[in-house]
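A structural walkthrough
So you can see what is in the structure, the chains are spelled out below.
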Amino acid sequence: MTTRKNSGGTTAAPPRAKRATASGAASERRDHLVKLAAEIFARKGFQATTVREIANEAGILSGSLYHHFDSKETIVDEVLSTFLDDLIARYRAALDTGGDPRSALTEMVRIGFSTLEPHRAAITVMQNDWNYLRQFDRFNYLVKAEDEVEQMWVRQIKAGQAAGQFRADVDPKLTYRMIRDTIWVAVRWFRPGGRLNTSGLAEHYVTVLFDGLAKGERTSQKG
């Protein structure tokens, strides 16, 4: 960084505009490195990825990467926390509208599918490296976030059952986990630009979820 000397011979700080520009450039560079590393984690797996590989992909030396992050754990921490913060904030906002349980679950399904593109790498890392990461104290928030999300869904399913909107003969927690897995596993086969976008996927799933597949009399309870 270039400094200036004032008339008294002391070193003066660079102009505020230049400092802001430098800070903005550093932030953009950092964001770029996070996204790049996330793609490598998703492709190779977190454990198999090295700091050197991330640096090579970015076209920098490993030492330069450490200028932004102290470890690859810090990078994946940012990848996952950004995804979970966004997801949970949107779930909370959907529930705060005070809609009925069916409307709330419909919106939560839409939110889940809408994350497949912007958070594709994070979702993939969650699926592939969840059991490994959760053993470390710094990733305790993963379990807490999972529990909070599960409680949100289960409460709405139970509320829908109490209101007579949903069948009373289904297990709320099991139902939530089936919904959860359907949404997140889609990241493995969904391809942007295909026949359906994430909005179309969500609407199709909502139809199957609430209207079912079979026509006519229910057969699930017949032996």
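Heads up: these notes are all about the structure in this document.

Parameters at a glance
Residues numbered from 1 in each chain as written. Predicted model: local features only at pLDDT ≥ 70, side-chain atom pairs only at ≥ 80, totals over all residues. Heavy atoms only, no water. Helix = DSSP H or I, 4+ residues; strand = E, 2+ residues; numbered from the N terminus. Buried < 20%, exposed > 50% of the residue type's maximum accessible area, 1.4 Å probe, protein only. Contact = heavy atoms within 4.5 Å. Areas by Shrake-Rupley, 256 points an atom, 1.4 Å probe, with all protein chains shown as cover. Core = buried A, V, L, I, M, F, W, Y, C linked by side-chain atoms within 4.5 Å. Phe/Tyr/Trp six-rings, centres within 6.5 Å; stacked < 30°, edge-to-face > 60°. Lys NZ or Arg CZ within 6 Å of the ring centre and 35° of its normal. Axes fitted to C-alpha atoms, helices over the stretch in contact; angles between N-to-C directions. Parallel < 35°, antiparallel > 145°, perpendicular 65-115°, else oblique. Left-handed = near helix turned anticlockwise from the far one by under 90°. Nonpolar A, V, L, I, M, F, W, Y, C, P; charged D, E, K, R; others polar. Arc of directions from axis to C-beta.

**Thoughts on the overall build of the chain**
When helices and strands are counted, the chain shows 9 helices and 2 strands. Shown N-terminal to C-terminal, the secondary structure of the chain runs as helices and strands in the order β-β-α-α-α-α-α-α-α-α-α. Counting only residues that meet the buried cut, the chain has 38% of its 223 residues in that class. Put simply, 66% of the contacts in the chain that link residues at least 6 apart link residues at least 24 apart. Split by element, the accessible area of the chain, about 13500 Å² in all, is 51% carbon and sulfur.

**Remarks on the nonpolar core**
Among the nonpolar cores identified, the biggest contains 60 residues, and Tyr91, Phe113, Leu116 and Trp153 are the most heavily contacted of them. Those elements that place two or more of their residues in this core are helix H1 (16–44), helix H2 (51–58), helix H4 (72–96), helix H5 (101–114), helix H6 (120–133), helix H7 (140–162), helix H8 (172–185) and helix H9 (198–211). Counting residues per element, this core draws most heavily on H4, at 10 residues.

**Quick look at the packing of aromatic side chains**
This structure, assessed with the given rule, holds 9 aromatic pairs. Ring plane angle 40° and centroid distance 6.3 Å describe the contact between Phe46 and Tyr132, whose orientation is recorded as tilted. Taken together, the residues span a long stretch of sequence, with Phe46 in the loop between H1 and H2 and Tyr132 in helix H6 at a distance of 86 residues. Exposure remark for Phe46: the relative accessible area of 1% places this residue in the buried category. For Tyr132, a relative accessible area of 25% corresponds to the partly exposed category. Aromatic rings pair up to connect Phe41, Phe46, Tyr132 and Phe136 into one cluster. The lysine or arginine in question, Lys72, covers the ring of Phe46, its NZ or CZ lying 4.5 Å from the ring centre.

**Observations regarding the packing of H4 against H5**
Geometrically, a packed helix pair is captured by the angle between its two axes and the distance between the axes. The N-to-C vectors of H4 and H5 enclose an angle of 160°; their axes lie 9 Å apart at closest approach. Here H4 lies roughly antiparallel to H5, going by the angle between them. When the axes of H4 and H5 are compared, the crossing they make is right-handed. Taken together, the residues of H5 that come into contact with H4 (itself represented by Leu87, Arg90, Tyr91, Ala94 and Leu95) are Ala104, Glu107, Met108, Ile111, Gly112 and Ser114. For the contact of H4 with H5, the per-class residue count stands at 7 nonpolar, 2 polar and 2 charged.

**Points about H2**
Buried within H2 we find Val51, Ile54, Ala55 and Ala58. Buried residues of H2, seen end-on, are gathered within an arc of 95° and therefore sit on one face of the element. Every exposed residue of H2 that faces more than 90 degrees away from the buried side is listed here: Arg52 and Asn56. Of the residues one or two after H2, Gly59 is the one with positive phi, at around 75°.

**So, the packing of H4 against H6**
It is at 11 Å that the axes of H4 and H6 come closest, and there the two elements cross at 115°. Judged by the sense of rotation from one axis to the other, the crossing of H4 with H6 is left-handed. Of the residues in H6, those in contact with Val76, Val79, Leu80, Phe83 and Leu84 of H4 are Ala122, Ile123, Val125, Met126 and Leu133. Across the contact of H4 with H6, the residue classes tally to 10 nonpolar, no polar and no charged.

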